Amino acid sequence: EVQLVESGGGLVQPGGSLRLSCAASGFTFSTYWMTWVRQGPGKAMEWVATIKFDGSEKQYKDSVKGRFTISRDNARNSLFLQMNILRTEDTAVFYCARGGAYSDRHDYWGQGTLVTVSS
Amino acid sequence: DVQLTQSPSSLSASVGDSVTITCRASQTFNIYLNWYQQKPGKAPKSLIYAASNLESGVPSRFSGSGSGTLFTLTISSLQPEDFATYYCQQTYSFPYTFGQGTKLELK
């Protein structure tokens, strides 16, 4: 059974940092592109970042470029999102999702982890 | 960036009804349009990929069609568990984008 379990969310002040993790199981993690998607309170889903299966390609939403870094550890079946210089508008539930290659869909999602940026 | 506009933004319907949700793209692309269902407090669920392909395990009352700039999601014979918010998403080019969502409510 495919499982994606996010962790690392919490309350952080503006300008602060957080590192999200996503533990994957039930599939060959090293062969899948992976993606972070977020959803602000009462808002639509928003694609954040995608990483190729081997980590050689990374794509970011413009508003997070230079602040967020997506990475993965295929030996540990884990996906990460390092978030720096956080802004209040980054407040959202962050989901880890399988897939993200061109033309692909996100067929499995984690349960999400809440990031709240507030003073 | 490819902008996706869904219509309607909200929709009221009854069990047994058939409904259609539209997703219009700001520029033409192939068929790399996906549909997701989301219930309150839950993660999204993949329904349709590449415009018309039904995800494994999804009931056949869900169907998708379209290409170019206009795509549709149709749910025939609505069931109580279908009342949720639906999103389209393009994975044709980065940055990937989602529509603003269509909330399907029970009349």
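For the structure itself, consult the block above.
Undergrad: What is the right way to look at the overall build of chain B in this model?
TA: Check the secondary structure of chain B and you find zero helices and ten strands. Reading chain B from its N end, one meets helices and strands in the order β-β-β-β-β-β-β-β-β-β. Here the C-alpha atoms of chain B give a radius of gyration of 13 Å, agreeing with the 13 Å that 2.2 N^0.38 yields for 107 residues. Structurally, chain B occupies a C-alpha span of about 35 × 25 × 25 Å along its principal axes. Each of the 107 residues in chain B was classed as buried or not, and the buried ones make up 49%. Of the contacts formed within chain B by residues at least 6 apart in sequence, a portion of 57% connects residues at least 24 apart. One finds the centroid of the 7 positive side-chain charges in chain B at a distance of 3 Å from the centroid of its 6 negative side-chain charges.

Undergrad: Looking at this model, I keep getting lost on the state of the cysteines. Mind explaining?
TA: Linking two cysteines covalently via their sulfur atoms produces the bond known as a disulfide. Summed over the entire model, instances satisfying the criterion amount to two disulfides over all chains. Between the sulfur of Cys22(A) and that of Cys96(A) lies a disulfide, 2.1 Å long from S to S. Taking the sign of the S-S torsion, -65° for the link of Cys22(A) and Cys96(A), the bridge is left-handed. Here Cys22(A) is found in strand β3 (residues 18-25), whereas its partner Cys96(A) is found in strand β9 (residues 92-98), with 74 residues between them in sequence. Paired through a disulfide, Cys23(B) and Cys88(B) show a sulfur-sulfur distance of 2.1 Å. Disulfide Cys23(B)-Cys88(B): the torsion about the S-S bond is 75°, which places it as right-handed. Taken together, the residues span a long stretch of sequence, with Cys23(B) in strand β3 (residues 19-29) and Cys88(B) in strand β8 (residues 85-90) at a distance of 65 residues. Cys88(B) carries the same exposure label as Cys23(B), and that label is buried.

Undergrad: Can you walk me through the side chain of Glu6(A) in this structure?
TA: Here Glu6(A) is to be found in strand β1 (residues 3-7). Buried and unpaired, Glu6(A) has Lys42(B) as its nearest opposite-charge partner, separated by 12 Å. Here Cys96(A) takes part through its backbone nitrogen, which lies 2.8 Å from a polar atom of the side chain of Glu6(A). Engagement of the side chain of Glu6(A) in a polar contact is seen with the backbone nitrogen of Gly112(A), the distance being 2.9 Å. In this structure, Glu6(A) is in contact with Ser21(A), Cys22(A), Trp36(A), Phe94(A), Tyr95(A), Cys96(A), Gly110(A), Gln111(A), Gly112(A) and Thr113(A), ignoring residues within four places of it in sequence.

Undergrad: Sorry, what's going on with the sheet that holds strand β7 (residues 68-73) of chain A here?
TA: All names here are of chain A. Here four strands make up an open sheet; going across it, the order is β1-β3-β8-β7 and the pairing antiparallel. The sheet terminates laterally at β1 and β7, the two strands that pair on one side only. On average, each strand axis in the sheet is tilted by 15° relative to the strand beside it, whichever way the strands run. For β7 and strand β8 (residues 78-83), the ladder comprises six bridges, and the chain directions are antiparallel. Bridge pairing in β8 links Arg72 to Leu79.

Undergrad: What exactly am I supposed to notice about the pairing of β9(A) here?
TA: Successive side chains on a regular strand alternate, one facing one side of the sheet and the next facing the other. Residue and element names in this part refer to chain A. Burial within β9 is extensive, with six of its seven residues counted as buried. By the bridge criterion, six bridges tie strand β4 (residues 34-39) to β9 in an arrangement that is antiparallel. Residue pairing in the sheet places Met34 in a bridge with Arg98 of β9. Here β9 runs beside strand β10 (residues 113-117); their pairing, made up of three bridges, is antiparallel. Of the residues in β10, the one forming a bridge with Val93 is Leu114.

Undergrad: I tried to follow the environment of Lys52(A) on my own but got confused; where do I start?
TA: Residues and elements named next belong to chain A. Secondary-structure assignment places Lys52 in the loop between β5 (45-51) and β6 (58-60). Judged by its relative accessible area of 23%, Lys52 falls in the partly exposed class. Along the backbone, Lys52 and Leu11 are 41 residues apart, and their C-alpha atoms lie at a distance of 29 Å. Those residues within four positions of Lys52 in sequence are excluded, and the remaining contacts are Trp33, Glu57 and Arg72.

Scoring rules and cut-offs
Residues numbered from 1 in each chain as written. Chains lettered and ligands numbered in written order. Predicted model: local features only at pLDDT ≥ 70, side-chain atom pairs only at ≥ 80, totals over all residues. Heavy atoms only, no water. Helix = DSSP H or I, 4+ residues; strand = E, 2+ residues; numbered from the N terminus. Rg over C-alpha atoms; globule rule 2.2 N^0.38 Å. Buried < 20%, exposed > 50% of the residue type's maximum accessible area, 1.4 Å probe, protein only. Contact = heavy atoms within 4.5 Å. Lys, Arg positive; Asp, Glu negative; His and termini not counted. Charge placed at Lys NZ, Arg CZ, Asp CG, Glu CD. Disulfide = S-S within 2.5 Å. Salt bridge = Lys/Arg side-chain N within 4 Å of Asp/Glu carboxyl O. Polar contact = N/O pair within 3.5 Å; in protein donor to acceptor, adjacent residues only side chain to side chain. Pairing = 2+ DSSP bridges. Axes fitted to C-alpha atoms, helices over the stretch in contact; angles between N-to-C directions.

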